[in-house]
Amino acid sequence: MTASRLLVIDDGLDYARIVDTHLEEYELVRPTRESGPDRIPNGPAAIEFLAARHRDVDCVLLDMRFDLPAEELLPLSPSSSQKNNARFQGVAILRAIRDRWPDLPVVLLTAQRDLALADVSDELAAQSMTYVLDGDDLDTLRIRIAGALRAARDENSEGDVYWGTALANRVVRRHLRVLCRGSMPILLEGETGTGKSYLARTLIHCNSQRTGPFVVADLSTIPRDLVASYLFGSTRGAFTGAVSDREGVFAEADGGTLFLDEIQNTPLEVQRQLLVVLQERRIRPLGAAKDRTVDVKLIAASNAPLRELVARGEFRQDLYMRLGPATRVRLPALRERRVDIPFLAEKFVEKAASHPDVAPLLETVASSLGAKPTLRLNGPGAKRRATDGLELALPEAAWKSLNNHEWPGNIRELEFVVHNLVAFTLFQASDALEAGADLSQRSFQIDPGLVGELLDNVASLTQGSTVGDAEGIAIEVHASESLNAVSVDVERQYFLNLFERYGGDFSRMAEHLLGNGDKARAVQLRFNQIGLKVRQIKKR
Amino acid sequence: MKNDIECIDDLRHDLAKYLRQPLAYLPKDAPQEAVESAIDRALLETRRGPQGARPAAEIWHELQSKLSAEFRATREFNTLQLRVESALALAHAPHPRDRAIAMRVFDEVLAATTEALDRMESTE
């Protein structure tokens, strides 16, 4: 394994000497010398060097104070004195680095107990990939460098299926990485299917360093009367039907993270209680005589902008303020990050290939063709890479369909479509092989008509609503003899889940699906059309 | 007073970066020879620049000349002066010099700068 490369930016040779002498596990980048300690001595030279060779640097060690002539200092602000420019030169250089290389790990080196740091601590805390050395011994330095390098690797792989290259998302990622560190609640807003739940778990909880569990509470699925006991718990006899003591989700998540999904569905009277919990970090189960303290990192999610609900009197302003407009993160809709569709589609192809329903099919087809059981998507403009596995070729017309689609169900909808494309294409290939066809090529062309048909099916499925309203609904896609059969199977599972969720109330299902509870009859008709019978389901 | 604060802040920086840090960054199992060399270099070649190395004693004397008479009359300055002199004396202390003791002496100077800054900032 090659050693990570450290670039020292320091007016003196002190830190370069430390790296060169004591950190033998790293390689010191030597801008001017071939051996011995070396470093970049000032900000302008550092920016020039990085512009030419930033790919040769894995992590920057940046001194804070540079006692240099004015012409060698970057200005901290237009009016700052030379003295301040020198004292905070590390911050000025860091800003210049962040402008051009936002993901380059930087460890800011400060002399122990440097009081000057207090003035800029907020700015530094708000940056990702920036670490302040808060001790002055070799072990602490090693830990900070290793942490910065690991975080950079994690950032490249973390939430791998989610992140792309869209600028909007880079800002979101940086913001979340900072927010996940503290105990402040986080408010995630975004249309359904934009990845709120996924990010809450993979990014925020995993980076929060909390040891407790990650608990999900979907408030759209809880009857209004039961929300308070669901959140805070209840004692036996607290209300009719409370036959035993029950822990609420706040208690379950003690020491960990609580993800309150669809928080906009919280009844107003419970919102008041929620506010008290957030302020005092104490809960009192219904019927209990005493409070108990809880230590929970709260992540609230809403698919409607809470500020608008506050304006309409449907959400308490004080709770909204407590949840923190400052810690509000809006996840962009997929149509706002179309540039990421090819990337996400590729990732979802890989994910689909390892799905338990698809993997056996892939193995069968691959082994028949003497290929490895891997699957890759190739579209127009994609780099042609040699592969030992199978390849799905998506023609330009199909890419255009994917790119032009509005994606009301966002990423989840894209995943659904890609999963179906993979399953269906493999099924066709398997079918052809069974029928004795001689498939010599390992690349399978996807029919653009199939893409259009799938997109239309999703649109009809989500008419009046979106796929994302299926939050929490697990749907398995099984290969079948036709696309229509796959689609009906999916629709059937979806209807069954809704039927269960709403206790067989077609009005509520119609409200959910079409936004109109009066269309219960239409929903029931469709229910029957796809072969579902109420009596049989209730007998189960 | 503002000038005094800046001077003591500069002193803190130099103490932390040029005196304490070279010792702090030595590996735990560094040979005694490396410890002696680090102490000497910290105190006798404190600031290295194009004009050559300047010892800590020279930097300290120059800094004292910039301090106001008002500050030099305070108890905090007296404490600071005593502790700096103790630290400078390490350069001439008999060998072997103990790394932990040297670190403690430098820490005491740092603590004295904190007290001095606290006093100046509270009376500013």
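Use the structure listed above.
Residues numbered from 1 in each chain as written. Chains lettered and ligands numbered in written order. Predicted model: local features only at pLDDT ≥ 70, side-chain atom pairs only at ≥ 80, totals over all residues. Heavy atoms only, no water.

Engineer: Could you clarify how one ought to interpret helix H11 (residues 268–280) of chain A in this entry?
Structural biologist: Side chains that are three or four residues apart share a direction in an α-helix, a result of its 3.6 residues per turn. Residue and element names in this part refer to chain A. With 13 residues, H11 should reach 18 Å at 1.5 Å per residue; the first-to-last C-alpha distance of 19 Å fits that figure. Listed as buried for H11 are Val270, Gln271, Leu274, Leu275, Val277 and Leu278. Down the axis, H11 shows its buried residues gathered within 165 degrees of arc, on one side only. Check the buried side of H11 and you find it contacts helix H9 (227–232), helix H10 (249–252), strand S10 (257–261), strand S11 (282–283), strand S13 (297–302) and helix H13 (317–323). The first or second residue beyond H11 is arginine 281, which carries a positive phi of 55 degrees. (Helix = DSSP H or I, 4+ residues; strand = E, 2+ residues; numbered from the N terminus. Expected span 1.5 Å × (residues − 1). Buried < 20%, exposed > 50% of the residue type's maximum accessible area, 1.4 Å probe, protein only. Arc of directions from axis to C-beta. Contact = heavy atoms within 4.5 Å.)

Engineer: Before we go on, may I ask you to explain the interface of chain B and chain A in this structure?
Structural biologist: A common way to state how big an interface is: give the accessible area lost once the parts meet. The interface of chain B with chain A comprises 21 residues on the first partner and 23 residues on the second. Together, the buried faces of chain B and chain A total about 2000 Å²; carbon and sulfur atoms form 43% of this surface. Of all residues in chain B, the largest losses of buried area upon contact with chain A belong to His13, Lys17 and Tyr25 of chain B, amounting jointly to 32% of the total for that side. Put simply, chain B and chain A have eight salt bridges between them. The salt bridge involving aspartate 10 of chain B is made with lysine 83 of chain A; its shortest N-O contact spans 2.6 Å. Across the chain B-chain A interface, the total number found is eight residue pairs in polar contact (both at pLDDT 80 or more). At the level of secondary structure, the elements contributing two or more residues to the side of chain B that touches chain A comprise helix H1 (2–24), strand S1 (47–49) and helix H6 (99–123) of chain B. Residue contributions to the side of chain B that touches chain A peak at 11 residues, all from H1 of chain B. (Buried area = accessible area lost by both parts, 1.4 Å probe. Salt bridge = Lys/Arg side-chain N within 4 Å of Asp/Glu carboxyl O. Polar contact = N/O pair within 3.5 Å; in protein donor to acceptor, adjacent residues only side chain to side chain.)

Engineer: Which parts of the structure should I look at to understand unusual backbone geometry?
Structural biologist: A negative phi angle characterises most non-glycine residues, just as the trans form characterises most peptide bonds. In this structure, proline 96 of chain B follows histidine 95 of chain B across a cis peptide bond, with omega equal to -5 degrees. Checked against the element boundaries, proline 96 of chain B lands in the loop between helix H5 (75–89) and H6.

Engineer: What is the right way to read the nonpolar core from this model?
Structural biologist: One recurring pattern in soluble globular proteins: nonpolar side chains tend to sit buried together. Counting residues in each nonpolar core, the largest one holds 43 residues, and the members touching the most others are Leu375, Leu390, Val422 and Leu426 of chain A. Breaking this core down by element, the ones donating at least two residues are helix H14 (341–353), helix H15 (359–368), strand S15 (375–378), strand S16 (390–393), helix H16 (396–404), helix H17 (410–434) and helix H18 (448–461) of chain A. The leading source of residues in this core is H17 of chain A, at 12 residues. Discounting residues that sit within four places of it in the chain, valine 422 of chain A has contacts with Val349, Ala352, Val358, Leu375 and Leu392 of chain A. Ranked by size, the runner-up nonpolar core spans 38 residues in total, among them Leu11, Leu80, Ala102 and Leu117 of chain B. (Core = buried A, V, L, I, M, F, W, Y, C linked by side-chain atoms within 4.5 Å.)

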